[in-house]
Amino acid sequence: MHNDAVTDSAPASTTEEERASLSDIIRFALMQRICLSVRYNNMDMILAPHMLWTKHGDLHVDAVTVERAGSAPKMLKVGTFKLAGLGNVALTSRTFVPQVEFDPADPKYAEAPVASVQR
C-alpha cells in the first residue's frame, strides 16, 4: 500500500495557488524532461516525472525515483506521488529519458490526465 502522508516540509493544507505553482513546475519538467528535486515523507529525492494526473480530485505525479537520500535506488520504476505530500519542489539541471514501460494510455489516467512526458 502506498503511503500518501503529507511531509513535514509541506503545509498541512496546500492552497490553490501553491497547487497551481507546483503543477506548472511539473508540467515544465515533463515538457523538457527535467528531473525534480523534492522532499517526500521526510526524504530528499530526485524524481523523473512522467505523468501529472488527477485521482479523486487530488493531483498526483507518476515519476521514477532517480535518487533517494543521496543514493540511486536498486530498481528504477514508476511510482505515484500525491502533490499535497511534495515539499521543496525545484527543477534540477538533470535530464532523463522516459521509461520504456511507462504507458500514458494506462486506464488509471483516464479520470483526468493533466500532462504527460513525450517520447
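Scroll up a little and you will see the structure.
Here is what the cut-offs are and how they apply
- Residues numbered from 1 in each chain as written.
- Predicted model: local features only at pLDDT ≥ 70, side-chain atom pairs only at ≥ 80, totals over all residues.
- Heavy atoms only, no water.
- Phe/Tyr/Trp six-rings, centres within 6.5 Å; stacked < 30°, edge-to-face > 60°.
- Helix = DSSP H or I, 4+ residues; strand = E, 2+ residues; numbered from the N terminus.
- Buried < 20%, exposed > 50% of the residue type's maximum accessible area, 1.4 Å probe, protein only.
- Salt bridge = Lys/Arg side-chain N within 4 Å of Asp/Glu carboxyl O.

S.K.: How would you sum up the packing of aromatic side chains? Please name residues and give values.
M.R.: Tallied over the entire structure, the rule returns 3 aromatic pairs. Relative to Tyr-109, the ring of Trp-53 lies with its centre 5.3 Å away and its plane at 80°, an arrangement referred to as edge-to-face. Highlighted residues: Trp-53 in strand S2 (residues 43–55) and Tyr-109 in the loop between strand S5 (86–95) and strand S6 (113–116), separated in sequence by 56 residues. No difference in accessibility class separates Trp-53 from Tyr-109, as the two residues are buried. Here the aromatic cluster, defined as three or more aromatic residues joined through ring pairs, consists of Trp-53, Phe-102 and Tyr-109.

S.K.: Please provide a residue-by-residue account of the pattern of salt bridges, values included.
M.R.: Using the criterion set out here, one finds 4 salt bridges in the structure. In this structure, the salt-bridge partner of Arg-39 is Asp-44, at a minimum N-O distance of 3.1 Å. Residue Arg-39 is classed as partly exposed on the basis of its relative accessible area, which comes to 21%. One salt bridge connects Arg-94 with Glu-67, and the closest N-O pair in it is separated by 3.4 Å. Placement of the pair is Arg-94 in strand S5 and Glu-67 in strand S3 (residues 58–68), with a sequence separation of 27 residues.

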